[in-house]
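# Summary of structural features
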Amino acid sequence: MTVEEITTFIKGNTEKEIYDKYLLGQDVWYFQNNIVDEDPLLYYDKFKKFISSKLNIHFHNISIIGSAKTKFSFSPLKEFKEFNENSDFDIVLVSNELYIYFWSAFYEISQNQKINNYSNMTSNIFRKFISVKDDDPHFENEDLKSWQRKLSEFKTQLQLEYKIYCDINYRIYANWESVESYHINGIKKLKQNLNEAN
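Numbering of residues starts from 1 in every chain and runs along the sequence as written. Only residues with pLDDT of at least 70 get local features here, since the model is predicted, and only at 80 or more are side-chain atom pairs given and counted; chain-wide, interface and lining totals rely on the full set of residues. Hydrogens and water are ignored here; the side-chain numbers use all heavy atoms of the structure.

A few words on the pairing of strand S2 (residues 89–94). Working definition: with a 1.4 Å probe on protein chains only, accessible area under 20% of the residue-type maximum means buried, over 50% means exposed, and in between means partly exposed. Strands are runs of DSSP state E lasting at least 2 residues, helices are runs of H or I lasting at least 4, and numbering of each runs from the N terminus. For S2, the tally of buried residues reaches 5 of 6 residues, placing the bulk of the element in the interior. In the sheet, strand S1 (residues 62–65) pairs with S2 via 4 bridges, with the strands oriented antiparallel. By the bridge assignment, Ile 64 is partnered in S2 with Ile 91. Strand pairing is defined by DSSP finding a minimum of two bridges between the two strands. Summarising the sheet, S2 and strand S4 (residues 168–173) pair through 6 bridges and their orientation is parallel. When the sheet's bridge partners are listed, Ile 91 is paired in S4 with Tyr 170.

The next point concerns the layout of surface pockets. For each structure, a 1 Å grid was placed over the protein atoms alone; sets of points admitting a 1.4 Å probe that cannot get out are labelled cavities, open sets with protein on both sides within 12 Å along at least five of seven lines are labelled pockets, and lining residues have an atom within 4 Å of a point. Grid points are joined across faces, edges and corners, and a volume is the space filled by probe spheres set on the points. Each pocket or cavity is described by its volume, and for the largest pocket that value is around 1,300 Å³. Taken together, 43 residues make up the lining of the largest pocket; nearest its centre are Lys 78, Asp 90, Phe 129, Arg 171 and Tyr 182. Of all elements in the fold, only S2, helix H7 (118–126), strand S3 (129–130), S4 and helix H9 (176–197) reach the threshold of two or more residues within the lining of the largest pocket. Residues were grouped as follows: Ala, Val, Leu, Ile, Met, Phe, Trp, Tyr, Cys and Pro as nonpolar; Asp, Glu, Lys and Arg as charged; and all remaining residues, including Gly, as polar. Considering only residue class, the lining of the largest pocket consists of 19 nonpolar, 14 polar and 10 charged. Taken as a whole, the second largest pocket holds about 220 Å³ of empty space. Along its surface, the second largest pocket is lined by 13 residues, and Leu 55, Asn 56, Glu 97, Leu 98 and Trp 147 are the ones closest to its centre.

Turning our attention to the nonpolar core. Among the nonpolar cores identified, the biggest contains 43 residues, and Phe 31, Phe 47, Phe 89, Ile 91 and Leu 158 are the most heavily contacted of them. Of all the secondary-structure elements, those providing two or more residues to this core are helix H3 (29–34), helix H4 (40–55), S1, S2, helix H6 (96–110), H7, helix H8 (142–161) and S4. The residues contacting Phe 47, other than those within four sequence positions of it, are Phe 31, Ile 64, Phe 89, Ile 91, Leu 158, Tyr 162 and Ile 164. What we call a nonpolar core is a set of buried Ala, Val, Leu, Ile, Met, Phe, Trp, Tyr and Cys residues that are connected through their side-chain atoms within 4.5 Å. Counting residues in hydrophobic clusters, the runner-up holds 19 residues, among them Ile 6, Tyr 19, Phe 129 and Ile 184. Here a residue-residue contact requires only that any non-hydrogen atoms of the pair lie within 4.5 Å.

As a further point, take H4. Given a rise of 1.5 Å per residue, 16 residues ought to cover 22 Å, and the 22 Å separating the end C-alpha atoms of H4 matches this to within 8%. Those residues of H4 lying buried are Tyr 43, Tyr 44, Phe 47, Lys 48, Phe 50, Ile 51, Ser 52 and Leu 55. Among the structural elements, H3, S1, helix H5 (67–70), S2 and H8 are those in contact with the buried residues of H4. Distance and chemistry together define a polar contact, namely a pair of N or O atoms within 3.5 Å, with one atom able to donate a hydrogen and the other to accept it when in protein, and with adjacent residues in sequence counting only for side-chain atoms on both sides. You can read the cap of H4 off the contacts: a side-chain oxygen lies 2.7 Å from the backbone nitrogen of Leu 41, and it is on Asp 39. One or two positions beyond H4, positive phi appears at Asn 56, with a value near 60 degrees. A helix's residues, less one, multiplied by 1.5 Å, set its expected span.

Shape descriptors only; they carry no functional weight alone.
Structure (structure tokens):
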């Protein structure tokens, strides 16, 4: 798959068709490019089952997204930047239970102290997702500390088990509608950029 093939498809199809083909599809460029001794589709299934068992999230509510999935970034700001050793490996986790868990934790924190990057965080929450990294500030909140300990151990296992040699990022969405809305808005901007360039 080349940038030219992707841009041709983007120009000729709806945002929903682009989202379904490139972001929801089962083909994962990273596994196709790095796994030679197993079927990449079965490997992706195994990968999701591992995450499901470790984080207690349903198999069908886990997805790789971003340039690890497609080889090229679909972010309107990155101009189809190719995945490289400095890229992040992006994973979507869909769980309303976890979303509420973190929303509640940050709400509790906000009642007593200032939250770093507050405006960005509230913007994300408005769009029904939360991003929590294992090295983010936890503000001495036990819910966040517990998740970060779990995530740190899990990430190490995932990287060793599935040969992922880059940083892993997670976004926790309240539902699939929020995943679709976020990425379709990004695809709209991407299409506008392509049309303005021509």
